[in-house]
Amino acid sequence: MSEENGGGGASIITDPNGGGGGGGAPDWMTGLPDDLRGDATLGRYADIEALARGHIEARRLASSRVILPGADADDAAWNSFYDAIGRPKDASEYKIELPEGADAKMADQFRPLAHKLGLTARQVEGLVGWNNELATALQADATAAQEARKAEGIASIEALRSELGADYAAKEKLAQDAARHFGVEAETADKLVEVLGDRKAVELFMRIGAEMGEHRRVDGEPTGGGFGFGGGDPDAMLSAKMKDQSWREKAATAGSPENAEYERLVAAAARKEAVARERKAS
């Protein structure tokens, strides 16, 4: 097979089996020293023109080669290599698109690292695209898991509501009172739910609220009324208070002392009822 030169006729490479004079070296090589006249590489060129063109092409190919630095190469050699393979001149030239809601600091921190590692713009684009897809998928999984836990929690509370029936509202109030009494904030409650689950967390505070409402003696028996009003009956106290029209009107005003007293009496009455039902059930 022969290779055509730019002139459109002369063969640059000779047939090693049939070129020149009867299979020997081309005629133009006869004037070369013996060690060159027998060189198989030179013998591939049909004439001087072919040799010249071949040399030019070889120089062109050699100048376009990028040589990988060796293991002991210094930073300058590596930086030259990175520049040769297409690394941007400055880290700011990397185009990084982040998912919606992502912190832009991530891109600002990644650019200098990518430049130091010699990454091309195409490589950075590929890495960023992969990272964005992964982050989006992980976020979707996290959202789905959160929604599943929320649905499971709602279902567990609904099951508890169904099991307790008419007692649920009173016991829920006990749980809320207990949480307020101990200063349980929303963040703490969420952590308890993560560990115990919605239902168990609510049941725990229901039990705590019931115990708070029914103060017990050493022998375990209740002491008097024991619902936070010096042993008095909250139902009777509330009934007596409600007969006073002036007190009743003030109790209807949110934030007033009478309103606060009204709320305490109602809560105490609810605790009393819940404890009585629990004792009857046991």
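Because the structure is predicted, anything quoted here is derived from the model rather than measured.

Examining the overall build of the chain
So, point 1. Summing up its helical and strand segments, the chain has 11 helices and 0 strands in all.
So, point 2. In the chain, the succession of helices and strands from N to C terminus is α-α-α-α-α-α-α-α-α-α-α.
So, point 3. Evaluated residue by residue, the chain yields a buried proportion of 24% over its 282 residues.
So, point 4. Sequence-distant contacts in the chain: of pairs separated by 6 or more residues, those separated by 24 or more amount to 52%.
So, point 5. Of the roughly 19,300 Å² of accessible surface on the chain, 54% is carried by carbon and sulfur atoms.

Points about a nonpolar patch on the surface
So, point 1. Among the surface-exposed residues, Trp130, Leu134 and Leu138 lie close enough to one another that they form a single nonpolar patch of about 320 Å² accessible area.
So, point 2. Among the secondary structure elements, Leu138 is positioned in helix H5 (residues 121-164).

Some words on the packing of aromatic side chains
So, point 1. With the rule as written, the count across this model stands at 3 aromatic pairs.
So, point 2. Relative to Tyr82, the ring of Trp78 has its centre 5.8 Å away and its plane inclined at 35 degrees; by these criteria the two rings are tilted. Of this pair, Trp78 and Tyr82 both sit in helix H3 (residues 75-84), 4 residues apart, roughly one helical turn.
So, point 3. Residue class for Tyr82 comes out buried when judged on its relative accessible area of 15%.
So, point 4. With a centroid separation of 6.1 Å and 55 degrees between ring planes, the pair formed by Phe81 and Tyr82 is classed as tilted.
So, point 5. Under the relative-accessibility criterion, Phe81 is labelled buried at 15%.
So, point 6. Put simply, the rings of Trp78, Phe81 and Tyr82 pair up and form one aromatic cluster.

Cut-off values and rules
- Residues numbered from 1 in each chain as written.
- Predicted model: local features only at pLDDT ≥ 70, side-chain atom pairs only at ≥ 80, totals over all residues.
- Heavy atoms only, no water.
- Helix = DSSP H or I, 4+ residues; strand = E, 2+ residues; numbered from the N terminus.
- Buried < 20%, exposed > 50% of the residue type's maximum accessible area, 1.4 Å probe, protein only.
- Contact = heavy atoms within 4.5 Å.
- Areas by Shrake-Rupley, 256 points an atom, 1.4 Å probe, with all protein chains shown as cover.
- Patch = residues over 30% accessible without salt bridge, like charges linked within 9 Å, V, L, I, M, F, W, Y side chains within 5 Å.
- Salt bridge = Lys/Arg side-chain N within 4 Å of Asp/Glu carboxyl O.
- Phe/Tyr/Trp six-rings, centres within 6.5 Å; stacked < 30°, edge-to-face > 60°.

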